[in-house]
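Residues per chain are reported as follows:
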Amino acid sequence: MERVLRFLEERREEAVELLKGWLAIPSVSTDPAHKSDLDAAANYIARILEDAGLKVEILDTGGHPAVYAEWSQAEAAPTVLVYGHYDVQPPDPVDEWLSPPFEPTIRENKIYARGATDDKGQCFTHVRSVQAWLATVGRLPVNVKFLIEGEEEIGSPHLEGLVRNNVERFKCDYVVVSDTAQFAPGVPAITYGLRGLVYAEIFLSGPKTDLHSGVFGGAVANPANNLAAILGAMVDSQGRVQIPGFYDQVRPIEPWEREEFSRLPFDEAGMRNYLGVDALWGEPDYSVLERRWCRPTCDINGLTSGYQGVGAKTIIPARASAKVSCRLVPDQDPQAIFAAMQQYVRERLWPGIKAEIVSHGLAPAVLMDVKSPGMRAARKAIARAFGREPVLIREGGSIPVVATFKEVLGVDTLLLGWGQNDDNLHAPNEKFSLDDFHRGTLASALLWEELAALYGATGAAK
Ligand code: BES
Ligand code: ZN
């Protein structure tokens, strides 16, 4: 172990250089123009894993490839599956970046690039820790498998199929994912719950072309007005979703969770300041953290209709559309919520208006057992690396495949986030603190040891 730690400590720059090479590849999964960059990003990390001594395969998913790597020579020891994603969100709006999104740049000991924290930088901590163990000790205390995919940011459409078709291959005791955040700088966290997602696009159409609003206005329904009426009524002024049945399956927050969350050092004014708003908003009976982590929501993500050019144009537009997504909590069923949303829209259409409602992805929320041996091991590893016990939190984002791992492989995921909430993920100037990067790498290296120790020589959990 000493040698592993020394390797990590003495060769920090090499780790950062390797990460930079990965970040320089613009692997934007949603944009077909970047197809070859996705392949390049997969090959880049595959090569590093191979050079480290793992057996690597590039798996055809039917979409962007997934990288699979394995080192399985630790007998009678647990097996860990590290999941991460090499795809990134589009860098737009590009002119708001202080340095180009795919030219990784270090300022004030933070690395700036699209994917710096979400998720190349965080995923790379595990790659590096495995590299360090194999380069120094020549073996790992646990069996490690990697699954690094290229479609997380578009809802992992091919991953469930891949997992179902490869149950033996992905078999493990725990999944480990670093694609979340710490609670705050200096307050490391283990995340035991994520929200799910229903993403829908609603298309309303009315007259067959745009019309003169003076000639026809008042006699034909305007799809933009109708869409505004529907969307405007979907959420009330205090954040309560009005779709009938929406809350039927919502699992209440447990008293111990409310208590834990209320003890966290949450800085509400700091969040207001970071967001540039003079007030926060949401369901009155819940705290800000409860609203972000444990309550379902419904948000318009995009809205399009009519004339968008300069000046005025008097028309009744032929079409209107909106991208709308709901964050879900346990035990809401994504299918049922999507159906309820469809019905909500259809029941509110005005005469002459037609609707088409398309799903862009469904994922259920997840909750982990907070008392599992894996959690104990993760807690110890993080405490050693960060010099402070992690807090237990839930988070509001979604990682669709985590529910699939539970359902298909029957295992919990240890969500060990090294990032920060202000790392600008999905936004301009995404960044990752190099201190967090190195501490995360150290925690990963220690985690393999702690997991092996917890399980003992028989391979059964103590
Ligand atoms: N890393 C995020 C998820 C995340 C962010 C979890 C912050 C917890 C805290 C992930 O890459 C992501 O953005 N996921 C998408 C999933 C969607 C496209 C299905 C999300 O949450 O919007
Ligand atoms: Zn993301």
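Now for a quick tour of the structure. (Residues numbered from 1 in each chain as written. Chains lettered and ligands numbered in written order. Predicted model: local features only at pLDDT ≥ 70, side-chain atom pairs only at ≥ 80, totals over all residues. Heavy atoms only, no water.)

**Side note on the side chain of histidine 438**
- Here histidine 438 is to be found in helix α14 (residues 434-455).
- Judged by its relative accessible area of 12%, histidine 438 falls in the buried class.
- If sequence neighbours within four positions are ignored, histidine 438 has contacts with Arg12 and Val16. (Helix = DSSP H or I, 4+ residues; strand = E, 2+ residues; numbered from the N terminus. Buried < 20%, exposed > 50% of the residue type's maximum accessible area, 1.4 Å probe, protein only. Contact = heavy atoms within 4.5 Å.)

**Focus: the packing of aromatic side chains**
- Evaluated as defined, the whole model comprises 10 aromatic pairs.
- Ring centres 6.3 Å apart and planes at 55° place the aromatic pair tryptophan 22 and phenylalanine 124 in the tilted group. In this pair, tryptophan 22 is assigned in helix α2 (residues 12-23) and phenylalanine 124 in helix α4 (residues 120-136), connecting sequence segments 102 residues apart. The same class applies to tryptophan 22 and to phenylalanine 124, which are both buried.
- Relative to phenylalanine 437, the ring of phenylalanine 432 lies with its centre 6.1 Å away and its plane at 75°, an arrangement referred to as edge-to-face.
- Taking relative accessible area as the criterion, phenylalanine 432 reaches 0% and is therefore assigned buried.
- In this structure phenylalanine 437 comes out as buried when scored by relative accessible area, which is 0%.
- These aromatic residues form a ring-pair network of at least three members: Trp22, Phe124, Phe432 and Phe437.
- The cationic tip of arginine 107 hangs over the ring face of tyrosine 112; the distance from NZ or CZ to the ring centre is 4.0 Å.
- The ring of tyrosine 344 is capped by arginine 348, whose NZ or CZ atom sits 3.7 Å from the centre of that ring. (Phe/Tyr/Trp six-rings, centres within 6.5 Å; stacked < 30°, edge-to-face > 60°. Lys NZ or Arg CZ within 6 Å of the ring centre and 35° of its normal.)

**Regarding the pairing of strand β3 (residues 79-85)**
- With seven of seven residues buried, β3 is to be regarded as a mostly interior element.
- By the bridge criterion, seven bridges tie β3 to strand β6 (residues 143-149) in an arrangement that is parallel. Bridge assignment links valine 82 to a residue of β6, and that residue is phenylalanine 146.
- Pairing of β3 with strand β7 (residues 174-177) involves four bridges; the strand directions are parallel. By the bridge assignment, leucine 81 is partnered in β7 with valine 175. (Pairing = 2+ DSSP bridges.)

Interpretation in functional terms is not warranted from these geometric data alone.
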